[in-house]
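Residues per chain are reported as follows:
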Amino acid sequence: MFMLNDFSKQCSKSKLSPLCEQLITASKQAFTVNNGNIPKWEDAISSIKTQAMGALNYAPPYLNIAADIDKVKLEHSLKQLMPWRKGPYQIADLQLDSEWRGDMKWNRAIPHIQSLKGKIVLDVGSGNGYFTYLMALAGAKIALGIEPFLLFNYQFQAIRALINSPPNAFVLPLKLDQIPHEAVFDTVFSMGVLYHQKDHNLHLQQLFSVMTKGGELVLETLIIDQQYGDQIIPEDRYARMRNVWCLPSTNTLHTWLEQAGFSDIKLVDVTKTTPEEQRATHWIGDNTQSLKDFLDPEDNNLTIEGLPAPKRAIFVCQK
Ligand SMILES: C[S@@+](CC[C@H](N)C(=O)[O-])C[C@H]1O[C@@H](n2cnc3c(N)ncnc32)[C@H](O)[C@@H]1O
């Protein structure tokens with residue numbers, strides 16, 4: 001719980017202070033679930049805490065920690081926390097090459113967003129906090145990631161345990177609907193989350209409600225080209241993912257954002273996902289399939305289910 005203590009200190013000094021107690025209580029509660037993997041993950045963290053710490057910096061594509069580590073021991077501990085989907089990270093000369101090259105998404109978004117300096121930032125669906133760290137390094141006063149999947153919280157803590165004087169980046173094991181509807185966040189990121197929501201309108205409304213007036217939303221999600229219609233609702237899986245509910249066209253998504261109350265809505269990027277950005281590495285564990293296995297082997301414009309291959313849009317808009 002070392003990170004919760006640090007969060008509590010920073011939280012109480014900021015405009016998040018009315019929310020701190022509720023966020024911390026809900027987070028403690030989430031860590032008490034009965035998950036058989038927790039002892040293994042906690043052992044990994046305990047072992048990582050015996051390593052030397054170092055300074056964190058961004059040396060693209062890696063979030064880099066310059067620390068004098070025992071490489072073999074550290075690699076063993078970090079592998080107890082597989083699969084590493086988000087990253088990549090580098091600790092001394094140990095390259096933790098995650099499935100995703102997060103730097104590629106960050107490069108697409110960052111030229112289009114307001115400065116994060118001094119801002120209170122929320123990173124919804126933060127995974128292990130790769131982007132949350134980048135937000136803090138970009139000057140956020142507090143970068144708060146929320147991520148209900150416990151393993152990714154442990155991954156965040158593993159990386160944090162290696163950082164000397166960590167920046168004000170935190171990841172709590174919460175869902176967006178556990179964040180009180182107080183207008184306190186200056187910039188909110190929802191990246192790779194909307195298509196996982198059964199009710200996309202509710203997600204957009206919840207994002208709106210936690211933002212300050214004049215605050216900025218950075219929304220990144222899967223979209224389809226207009227030639228396929230206004231939206232596709234996958235009948236079963238999409239690129240082998242079970243929980244994909246809706247793939248809108250960019251026009252449809254623009255309308256959804258308007259309906260949720262956002263203004264100054266800008267589509268700043270559309271990019272097809274490539275095997276350079278999403279690839280199998282030895283950090284993703286036994287199931288070594290990645291994007292190239294989820295596409296039609298005859299036609300990489302289609303998924304294995306015959307739907308349009310993954311393409312992602314970034315919208316930036318204001319409250
Ligand atoms: C595809 S990952 C995206 C991770 C990262 N934001 C990125 O862009 O690479 C989506 C993450 O959102 C989380 N998630 C899904 N629904 C959520 C919700 N309602 N609130 C917070 N996180 C959520 C999932 O557990 C998952 O880790």
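Further up the page is the structure itself.
Each value, and the rule that gives it
- Residues numbered from 1 in each chain as written.
- Predicted model: local features only at pLDDT ≥ 70, side-chain atom pairs only at ≥ 80, totals over all residues.
- Heavy atoms only, no water.
- Buried < 20%, exposed > 50% of the residue type's maximum accessible area, 1.4 Å probe, protein only.
- Helix = DSSP H or I, 4+ residues; strand = E, 2+ residues; numbered from the N terminus.
- Lys, Arg positive; Asp, Glu negative; His and termini not counted.
- Salt bridge = Lys/Arg side-chain N within 4 Å of Asp/Glu carboxyl O.
- Contact = heavy atoms within 4.5 Å.
- Near = heavy atom within 4 Å.
- Polar contact = N/O pair within 3.5 Å; in protein donor to acceptor, adjacent residues only side chain to side chain.
- Areas by Shrake-Rupley, 256 points an atom, 1.4 Å probe, with all protein chains shown as cover.
- Nonpolar A, V, L, I, M, F, W, Y, C, P; charged D, E, K, R; others polar.
- Pairing = 2+ DSSP bridges.
- Axes fitted to C-alpha atoms, helices over the stretch in contact; angles between N-to-C directions.
- Parallel < 35°, antiparallel > 145°, perpendicular 65-115°, else oblique.
- Left-handed = near helix turned anticlockwise from the far one by under 90°.
- Disulfide = S-S within 2.5 Å.

Asker: Give a detailed account of helix H5 (residues 102-109), specifying residues and quantitative values.
Answerer: With respect to burial, H5 is a largely interior element, 7 of its 8 residues being buried. Taken together, the buried positions of H5 are Gly102, Asp103, Met104, Lys105, Trp106, Arg108 and Ala109.

Asker: How would you sum up the side chain of glutamate 216? Please name residues and give values.
Answerer: Relative to the helices and strands, glutamate 216 is located in strand S9 (residues 211-223). No salt bridge forms around the buried glutamate 216; measuring N to O, its nearest opposite-charge neighbour lysine 266 is 6.0 Å away. Not counting residues within four places of it along the chain, the set of residues in contact with glutamate 216 comprises Ile113, Gln114, Asp186, Thr187, Val188, Met211, Val316, Cys317 and Gln318.

Asker: Tell me about the site of the ligand, and please be specific about residues and values.
Answerer: Taken together, 18 residues surround the ligand, and among them Lys105, Gly125, Glu147, Leu176 and Met191 come closest. Interatomic distance of 2.5 Å between a side-chain N/O atom of lysine 105 and an oxygen atom of the ligand. In this structure, an oxygen atom belonging to the ligand sits 2.6 Å away from a side-chain N or O atom of glutamate 147. Contact with the protein chains hides 86% of the accessible area of the ligand, taken as 600 Å² for the molecule alone. When its residues are assigned to classes, the shell around the ligand shows 10 nonpolar, 4 polar and 4 charged.

Asker: Can you explain the environment of tyrosine 62? Please cite residues and give values.
Answerer: Relative to the elements of secondary structure, tyrosine 62 occurs in strand S2 (residues 62-66). Expressed as a C-alpha distance, the spacing of tyrosine 62 and glycine 102, which sit 40 residues apart in the sequence, is 8.8 Å. Only 2.8 Å separates the side chain of tyrosine 62 from the side chain of aspartate 97, close enough to count as a polar contact.

Asker: Pulling in residues and values, what's your account of the sheet that holds strand S12 (residues 263-272)?
Answerer: Across the sheet, 7 strands lie side by side as S7-S6-S5-S8-S9-S15-S12; this open sheet has mixed pairing. Each end of this open sheet is capped by a strand with a single partner; those strands are strand S7 (169-172) and S12. Each adjacent strand pair in this sheet contributes to an overall mean axis angle of 15°, direction not counted. On top of the sheet, H5 reaches strand S8 (185-191), S9, S12 and strand S15 (311-318); it is set at about 40° to S15, its chief contact.

Asker: With reference to specific residues and values, describe the packing of H5 against helix H6 (residues 130-137).
Answerer: Running from amino to carboxyl end, H5 crosses H6 at an angle of 45°, the nearest separation of the two axes being 10 Å. On the basis of the axis angle, H5 is oblique to H6. The interaxial crossing formed by H5 with H6 has right-handed handedness. Residues Gly102, Asp103, Lys105 and Trp106 of H5 lie in contact with H6, whose contacting residues are Tyr130, Phe131, Leu134 and Met135. Per-class residue counts for the contact of H5 with H6 are 5 nonpolar, 1 polar and 2 charged.

Asker: Explain the side chain of glutamate 277 to me, using residue names and the numbers behind them.
Answerer: Its place among the elements puts glutamate 277 in the loop between S12 and helix H10 (291-294). For glutamate 277, the side chain forms a polar contact with the side chain of arginine 108, separated by 3.0 Å. Ignoring anything within four residues of it in the chain, the contact list for glutamate 277 reads Glu99, Trp100, Arg101, Met104, Lys105 and Arg108.

Asker: Describe in detail the state of the cysteines, supporting the description with residues and values.
Answerer: For the coordinates displayed, the defined rule picks out 1 disulfide. For cysteine 11, the disulfide goes to cysteine 20, at an S-S distance of 2.1 Å. Its S-S torsion of about -100° marks the bond between cysteine 11 and cysteine 20 as left-handed, since a negative value means left-handed. Each member of the pair, cysteine 11 as well as cysteine 20, carries the same accessibility label: buried. Of the cysteine sulfurs around cysteine 246, a residue in no disulfide, the closest is that of cysteine 317, at 17 Å. The class of cysteine 246 is buried, set by a relative accessible area of 8%. When its relative accessible area of 0% is taken as the criterion, cysteine 317 is described as buried.

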